Amino acid sequence: MFKMAGLRSIIGLAFVLAIGFLLVILSCALYSNWWPLLVVATYILAPLPNAICGRCAGDEDIMSDYNSGVIDAGHFVTGMFIVTGFCLPLVLAHTDVITVPAMVMSITGGILVYGTIITYTHFFTDQTEDF
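Residues numbered from 1 in each chain as written. Predicted model: local features only at pLDDT ≥ 70, side-chain atom pairs only at ≥ 80, totals over all residues. Heavy atoms only, no water.

1. Some points on the overall build of the protein chain
(1) Moving on: Broken down by element type, the protein chain carries 5 helices and 0 strands.
(2) Moving on: Going residue by residue from the N terminus, the α and β elements of the protein chain occur as α-α-α-α-α.
(3) Moving on: Taken over 131 residues, the protein chain has a buried fraction of 27%.
(4) Moving on: In the protein chain, of all internal contacts separated by at least 6 residues, the share reaching a separation of at least 24 is 69%.
(5) Moving on: Accessible surface computed for the protein chain: about 9200 Å², of which carbon and sulfur atoms make up 72%. (Helix = DSSP H or I, 4+ residues; strand = E, 2+ residues; numbered from the N terminus. Buried < 20%, exposed > 50% of the residue type's maximum accessible area, 1.4 Å probe, protein only. Contact = heavy atoms within 4.5 Å. Areas by Shrake-Rupley, 256 points an atom, 1.4 Å probe, with all protein chains shown as cover.)

So this is what it looks like as structure tokens:
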């Protein structure tokens, strides 16, 4: 029974992720302007700093409450990519490079993609603590 709930969750998350990418691609294709596709680069680059900095940080810290400055830097750069993913369509629409409906579709797609990534990592990461 537990495996079915996990499988249903993954299928649901995949469906929402596909809708998010579809909205971003449609924001490009419907308005014949491919600039909103740059937002997809931020989707790809956003989790990389956390992964790289998580590998670089050592477990040899004396205080276990504080991880490391490397992990904090990874969180900061990831936050910059996420803010860029939301603000890039706003800036493009403000400068009349893309239309406002394309901006709305791109931001909505970004919310769905980032929400899917956050939901997946929240529910499917192992959060056991060793004492």
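2. A few points about a nonpolar patch on the surface
(1) Moving on: Residues I10, Y120, F123 and F124 make up a contiguous nonpolar surface patch of roughly 420 Å² in combined accessible area.
(2) Moving on: Counting residues per element, the nonpolar patch draws most heavily on helix α5 (residues 100-124), which supplies 3 residues.
(3) Moving on: Tracing the backbone shows Y120 in helix α5. (Patch = residues over 30% accessible without salt bridge, like charges linked within 9 Å, V, L, I, M, F, W, Y side chains within 5 Å. Salt bridge = Lys/Arg side-chain N within 4 Å of Asp/Glu carboxyl O.)

3. What about the nonpolar core?
(1) Moving on: Residues V24, V39, V40, Y43, A46, V113 and Y114 constitute the largest nonpolar core, which totals 7 residues.
(2) Moving on: Where this core is concerned, the elements lending two or more residues are α2 (38-45) and α5.
(3) Moving on: When residues in this core are grouped by element, the largest group, 3 residues, is from α2.
(4) Moving on: Setting aside anything within four residues of it in sequence, one finds V39 in contact with G85, L88, P89 and S106. (Core = buried A, V, L, I, M, F, W, Y, C linked by side-chain atoms within 4.5 Å.)

4. Thoughts on the packing of aromatic side chains
(1) Moving on: Taken as a whole and assessed by the stated rule, the structure comprises 3 aromatic pairs.
(2) Moving on: With centroids separated by 5.3 Å and ring planes inclined at 90 degrees, the aromatic side chains of Y43 and Y114 adopt a geometry described as edge-to-face. Residue Y43 is found in helix α2, and its partner Y114 is found in helix α5; the two are separated by 71 residues along the sequence. Grouping residues by exposure puts Y43 and Y114 together as buried. (Phe/Tyr/Trp six-rings, centres within 6.5 Å; stacked < 30°, edge-to-face > 60°.)

5. What about the packing of helix α3 (residues 48-56) against helix α4 (residues 69-94)?
(1) Moving on: Two elements in contact, α3 and α4, have axes whose closest approach is 8 Å; the angle formed by their N-to-C orientations is 175 degrees. Taken together, the axes of α3 and α4 are roughly antiparallel relative to one another. Residues P49, N50, C53 and C56 of α3 form the contact with α4, whose own contacting residues are V70, I71, G74, H75, V77, T78 and F81.
(2) Moving on: Tallied by class, residues from the contact of α3 with α4 come to 7 nonpolar, 4 polar and no charged. (Axes fitted to C-alpha atoms, helices over the stretch in contact; angles between N-to-C directions. Parallel < 35°, antiparallel > 145°, perpendicular 65-115°, else oblique. Nonpolar A, V, L, I, M, F, W, Y, C, P; charged D, E, K, R; others polar.)

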